[in-house]
Amino acid sequence: MCLYIYTNTNIIVNYPRKENVIKDRLFNDSLDILYLIYKANYSKDRRNIQIEILSKISMLDFYLERSLKNKYISEKQCLKKSNQLLTITKMVHGWIKSDKSKL
């Protein structure tokens, strides 16, 4: 859902060359989150992976804030992406809760 938006080049196309680090981080962290979700689904010890997913989501939010501050994205884009990240964060927290209840 949201991860496709970051891996899609539409959002990162407006970044200047001097901001290649943030541009690459947005793209790579999005793919890392997707990888970690798949990894957690097949792992017996999901807790550490789920925490890593949450930290990467927080980093994506930070990159969005920085992008907004530097005016690489509009406030509307930032709000939309942040709300999507919030939805994913809630889903991961629900996933963690459901794993606790199975124990």
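Data block above holds the structure.
Let me begin by describing the structure that accompanies this report. (Residues numbered from 1 in each chain as written. Predicted model: local features only at pLDDT ≥ 70, side-chain atom pairs only at ≥ 80, totals over all residues. Heavy atoms only, no water.)

1. Description of the pattern of salt bridges
So, point 1. Counted by the stated rule, this structure contains 4 salt bridges.
So, point 2. A salt bridge links Glu19 to Arg66, with the nearest nitrogen and oxygen atoms 3.7 Å apart. Here Arg66 lies in helix α4 (residues 46-69) and Glu19 lies in the loop between α2 (9-12) and α3 (20-42), a separation of 47 residues in the sequence.
So, point 3. By relative accessible area, Glu19 is classed as buried at 10%.
So, point 4. Several salt bridges converge on common partners, so that one network encompasses Asp29, Asp32 and Lys56. (Salt bridge = Lys/Arg side-chain N within 4 Å of Asp/Glu carboxyl O. Helix = DSSP H or I, 4+ residues; strand = E, 2+ residues; numbered from the N terminus. Buried < 20%, exposed > 50% of the residue type's maximum accessible area, 1.4 Å probe, protein only.)

2. Observations concerning the environment of Glu52
So, point 1. By the element assignment, Glu52 lies in helix α4.
So, point 2. You can call Glu52 partly exposed: its relative accessible area is 37%.
So, point 3. On a C-alpha basis, the gap between Glu52 and Asp32 in space is 9.8 Å, while along the polypeptide they are 20 residues apart.

These results come straight from atomic positions and should not be treated as a statement about function.
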